[in-house]
There are 2 protein chains.
Amino acid sequence: MDETEQKILDAALSVLVSKGYEGTTTRRIAEAAGVNEVTLFRKFQSKENILREVIIRNLNSALALIDSMFQMETEADQAVSLRNMGLDFIKLMSERIDLISILIEEGRRKPEVQEILSPATQILIKRLSECFELQIKNGKMRNIDPKVAAVTFISFTFYICLMKKFLEGIIGDKEEALEGFVDIFTKGIIKVNDKNLR
Amino acid sequence: MDETEQKILDAALSVLVSKGYEGTTTRRIAEAAGVNEVTLFRKFQSKENILREVIIRNLNSALALIDSMFQMETEADQAVSLRNMGLDFIKLMSERIDLISILIEEGRRKPEVQEILSPATQILIKRLSECFELQIKNGKMRNIDPKVAAVTFISFTFYICLMKKFLEGIIGDKEEALEGFVDIFTKGIIKVNDKNLR
DNA sequence: AATGCATGCAAGCGCATACTTGCTTGCATT
DNA sequence: AATGCAAGCAAGTATGCGCTTGCATGCATT
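Thresholds applied
- Residues numbered from 1 in each chain as written.
- Chains lettered and ligands numbered in written order.
- Predicted model: local features only at pLDDT ≥ 70, side-chain atom pairs only at ≥ 80, totals over all residues.
- Heavy atoms only, no water.
- Helix = DSSP H or I, 4+ residues; strand = E, 2+ residues; numbered from the N terminus.
- Buried < 20%, exposed > 50% of the residue type's maximum accessible area, 1.4 Å probe, protein only.
- Contact = heavy atoms within 4.5 Å.
- Areas by Shrake-Rupley, 256 points an atom, 1.4 Å probe, with all protein chains shown as cover.
- Lys, Arg positive; Asp, Glu negative; His and termini not counted.
- Charge placed at Lys NZ, Arg CZ, Asp CG, Glu CD.
- Near = heavy atom within 4 Å.
- Polar contact = N/O pair within 3.5 Å; in protein donor to acceptor, adjacent residues only side chain to side chain.
- Nonpolar A, V, L, I, M, F, W, Y, C, P; charged D, E, K, R; others polar.
- 1 Å grid on protein atoms, 1.4 Å probe; cavity = no way out; pocket = protein on both sides within 12 Å on 5 of 7 lines; lining within 4 Å.
- Points joined across faces, edges and corners; volume = space filled by probe spheres on them.
- Arc of directions from axis to C-beta.
- Axes fitted to C-alpha atoms, helices over the stretch in contact; angles between N-to-C directions.
- Parallel < 35°, antiparallel > 145°, perpendicular 65-115°, else oblique.
- Left-handed = near helix turned anticlockwise from the far one by under 90°.
- Buried area = accessible area lost by both parts, 1.4 Å probe.
- Salt bridge = Lys/Arg side-chain N within 4 Å of Asp/Glu carboxyl O.
- Expected span 1.5 Å × (residues − 1).
- Least-squares fit on C-alpha atoms with pLDDT ≥ 70 in both.

**Student:** I keep staring at the overall build of chain A and nothing clicks. Help me out?
**Tutor:** For chain A, the helix and strand inventory stands at nine helices and zero strands. When its helices and strands are written in sequence order, chain A yields α-α-α-α-α-α-α-α-α. Counting over 198 residues, chain A shows a buried share of 52%. Taking contacts inside chain A between residues at least 6 apart in sequence as the whole, the part at least 24 apart equals 66%. Total accessible area on chain A stands at roughly 9300 Å², and carbon and sulfur atoms take up 47% of it. Where the 28 positive side-chain charges of chain A centre and where its 30 negative ones centre are 3 Å apart.

Now the structure itself:
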C-alpha cells in the first residue's frame with residue numbers, strides 16, 4: 001500500500017460520505033486525492049475496486065473497536081456500565097453513520113455490499129448478546145432473550161445517530177437520550193430479587 | 001389526477017423501490033408505466049416533480065394510518081396493547097421500508113427530501129409520546145421521559161424492518177422479536193406500586 | 001364531418017459517466 | 001550518466017442521462 005493508493009482511498013471515503021454512492025465519481029475522487037484520474041485506474045483497475053476496499057477497511061476497523069467495547073464491569077452498577085458502553089458505541093457509530101447509512105441503503109439492492117455488511121451486523125449483535133448472556137448467567141440480569149436485548153440496545157443507539165438532525169429539538173442531546181433509554185432498559189432487565197411486586 | 005398520471009406515479013414508486021434513487025430514470029419509469037417517455041415530461045415537466053409527488057403521497061398515507069394507530073386501550077394489559085400497536089406499526093413500516101430507507105439516505109444530502117421527511121418523523125414520535133404521556137398521567141406508566149420511550153419503541157420496530165435480511169437466523173420472526181422487546185420494555189415502564197423492591 | 005386534445009414515435013441535444021490510449025516528464029536506483 | 005518506473009496530460013470511446021422538438025395518430029366532443 002503505497003502513499004498514492006492511500007491518498008486515493010482516503011479521498012474516496014471523503015467523497016463517498018459527502019456525495020453519496022452514485023455521486024462518487026472517479027473525477028471527484030481524483031480531484032480530492034490530488035492525483036490524475038487515470039492514476040485511479042492504474043492502481044485499482046475499476047471504481048468498484050476502490051469502493052470495496054474503502055468499505056472493507058472501514059468496517060474492519062469498526063469491528064476491531066467493538067470487540068473490546070462490549071464488556072460490562074461485573075462489580076459496577078449496571079446502569080453505569082450500560083451508559084458507558086452506550087457512549088462508546090454512539091461515538092463509534094456517529095463517526096461512521098454517513099458510511100453505514102449508505103451501505104444499508106445500497107446493500108438492499110447490491111449483493112456485493114450486502115455480503116460485506118451482513119457479517120458485520122451479525123458479529124455486532126452477537127458480541128453484545130454474549131455480553132448480556134454472561135450477565136444473565138451471573139444473575140445480574142433476569143432471564144430475557146439476550147439477542148433481543150442486544151437488538152434493543154443497538155437499535156436505539158443506531159436510530160439516534162441516524163436521525164440526529166430530525167431529533168434535535170425533540171429529545172435532548174445524545175447523552176441525555178441515552179440516560180433516559182438506559183433507565184427504561186435497565187428497570188426491565190435487572191433481576192428483581194423481591195418477586196412479590198405487582 | 002387522470003389515469004395516465006396515476007399510472008406514471010405508480011410506476012415511479014415501483015421503479016424507485018426496486019432500483020434506488022439514482023437508478024430511477026425517466027426511461028425506466030416510462031417503460032414500467034407503459035407510456036412514452038415524453039409523456040412524463042408533458043405531465044410533470046421534470047423527473048424531480050414526479051419523485052416529489054410519489055414521496056409526499058406515500059408519506060401522507062402513512063401518517064394518516066399512524067394517527068389512528070397509537071391508542072392504548074386503557075383497561076387492557078399494557079403488554080398486550082403494546083404488542084398490538086407494535087404489530088400494526090411493523091406492518092405499516094415493512095410495507096414502506098424500501099422507500100423510507102431511500103428517503104433517509106437521500107435526505108442526508110438533499111434538503112428537499114429532508115424537508116419532507118423531517119416533519120413526518122417528528123409527527124410520528126410526537127403521536128406515540130403523547131400516547132405514552134397519557135398513560136403516565138393515568139398512572140399506568142411510571143414517570144419516564146415519554147419521548148425517549150417513544151423513540152425506544154420506534155427505533156426497535158424500525159430496525160427489525162430495516163435489517164430483516166440480516167436478522168434472519170439470529171432472532172426469530174418479527175412477532176417473536178416484538179414479544180421479547182415488549183417484555184423488556186414494559187417491565188421498565190409499568191408503574192410498580194410496591195416501592196419496596198431492590 | 002370538423003376540431004381539439006392526449007399520446008405515440010423518432011430523432012436528437014448537451015452533458016456526464018467509467019474507462020482507455022499514447023505520449024511526456026521527472027525522480028530514484030543503478 | 002543511463003535506465004526504469006510512477007505519475008501527469010490530453011484526447012477520445014461508448015454509454016446513459018434528463019429533456020426537447022416536430023410530426024403523426026386516434027379518440028371524444030361539438
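**Student:** What am I meant to see in the protein's contact with DNA strand C here?
**Tutor:** Taken together, 17 residues lie near DNA strand C, and Arg27 of chain A together with Thr4, Thr39, Arg42 and Lys43 of chain B sit nearest. Between DNA strand C and the protein, one listed contact pairs a phosphate oxygen with a side-chain N or O atom of Thr39 of chain B at 2.5 Å. At the level of secondary structure, the elements contributing two or more residues to the surface near DNA strand C comprise α2 (26–33) and α3 (37–44) of chain A together with α3 (37–44) of chain B. Sort the elements by how many residues they give to the surface near DNA strand C and α3 of chain B lands first, with four residues. Grouping the constituent residues of the surface near DNA strand C by class yields four nonpolar, eight polar and five charged.

**Student:** Quick question: what am I supposed to make of the protein's contact with DNA strand D here?
**Tutor:** Neighbouring DNA strand D are 17 residues, the closest being Thr4, Thr39, Arg42 and Lys43 of chain A together with Lys47 of chain B. Close to the protein, within 4 Å, the atoms of DNA strand D belong to sugar or phosphate groups at a rate of 52%. Separating a phosphate oxygen of DNA strand D from a side-chain N or O atom of Thr39 of chain A is a distance of 2.4 Å. The set of elements that each furnish at least two residues to the surface near DNA strand D consists of α3 of chain A together with α2 (26–33) and α3 of chain B. Per-element tally for the surface near DNA strand D: the top contributor is α3 of chain A, with four residues. Its residues assigned to classes, the surface near DNA strand D comprises four nonpolar, eight polar and five charged.

**Student:** Just checking my understanding: could you explain the layout of surface pockets for this structure?
**Tutor:** To find leftover empty space, one rolls a probe the size of a water molecule over the atoms. Put simply, the second largest pocket is a space of about 210 Å³. Together, 15 residues line the second largest pocket, and Arg108 of chain A together with Cys161, Leu162, Lys164 and Lys165 of chain B are the ones closest to its centre. Residue contributions to the lining of the second largest pocket peak at four residues, all from helix α5 (residues 78–107) of chain B. Looking at side-chain class alone, the lining of the second largest pocket contains six nonpolar, three polar and six charged residues.

**Student:** Would you mind showing me how to read the side chain of Asn58 of chain A here?
**Tutor:** All names here are of chain A. With respect to the element layout, Asn58 can be found in helix α4 (residues 47–67). In terms of polar contacts, Asn58 uses its side chain to reach the side chain of Arg96, at 3.5 Å. If sequence neighbours within four positions are ignored, Asn58 has contacts with Leu13, Arg96 and Leu99.

**Student:** Would you mind going over α3 of chain B with me for this structure?
**Tutor:** Side chains that are three or four residues apart share a direction in an α-helix, a result of its 3.6 residues per turn. Residue and element names in this part refer to chain B. Looking at α3, one finds that the buried residues are Thr39, Leu40 and Phe44. Mapping the buried residues of α3 onto a view down its axis gives an arc of 110°, with all of them on the same face. The inward-facing, buried residues of α3 contact α1 (3–19), α2 and α4 (47–67). You can read the cap of α3 off the contacts: a side-chain oxygen lies 3.1 Å from the backbone nitrogen of Val38, and it is on Asn36. Of the residues one or two after α3, Gln45 is the one with positive phi, at around 70°.

**Student:** It is not clear to me how the packing of α4 of chain B against α5 of chain B should be interpreted in this structure. Could you clarify?
**Tutor:** The relative placement of two packed helices comes down to the angle between their axes together with the axis-to-axis distance. All names here are of chain B. Viewed as axis vectors pointing N to C, α4 and α5 meet at an angle of 155°, and their least axial separation amounts to 11 Å. Comparing the axis directions of α4 and α5 gives the class roughly antiparallel. Regarding α4 and α5, the two cross each other, and that crossing is left-handed. Side by side, α4 and α5 meet where Ile55, Asn58, Leu59, Ser61, Ala62, Leu65 and Ile66 of the first sit next to Phe89, Leu92, Arg96, Leu99 and Leu103 of the second. Partitioned by chemical class, the residues of the contact of α4 with α5 number nine nonpolar, two polar and one charged.

**Student:** In this structure, what is going on with the interface of chain A and chain B? I would like to understand it.
**Tutor:** How big an interface is tends to be expressed through the accessible area that disappears when the partners come together. Opposite the 55 residues of chain A that make contact, chain B presents 55 residues. Between chain A and chain B the total buried area reaches about 4900 Å² when both faces are included, carbon and sulfur atoms providing 67% of it. By the criterion of area lost to chain B, the three top residues of chain A are Arg108, Phe166 and Ile184 of chain A, representing 15% of everything that side buries. The tally of links between chain A and chain B comes to four salt bridges.

**Student:** Mind showing me how you'd approach α4 of chain B here?
**Tutor:** Residue and element names in this part refer to chain B. The terminal C-alpha atoms of α4 lie 31 Å apart, and with 21 residues this matches the ideal 30 Å at 1.5 Å per residue to within 8%. For α4, every residue scored as buried is listed here: Ile50, Leu51, Val54, Ile55, Asn58, Leu59, Ala62, Leu63 and Ile66. In this structure, the buried residues of α4 make contact with α1, α3, α5 and α6 (111–137).

**Student:** Would you mind showing me how to read the relation of the copies chain A and chain B here?
**Tutor:** Here two copies of a chain appear, and what relates them is a rotation about an axis with a shift along it. Overlay of chain A on chain B (RMSD 0.1 Å): rotation 180°, translation along the axis 0.0 Å. Expressed as an axis order, the relation between the two copies is that of a two-fold axis. The share of interface residues of chain A whose copies in chain B are also at the interface is 100%, consistent with both copies meeting through the same surface.

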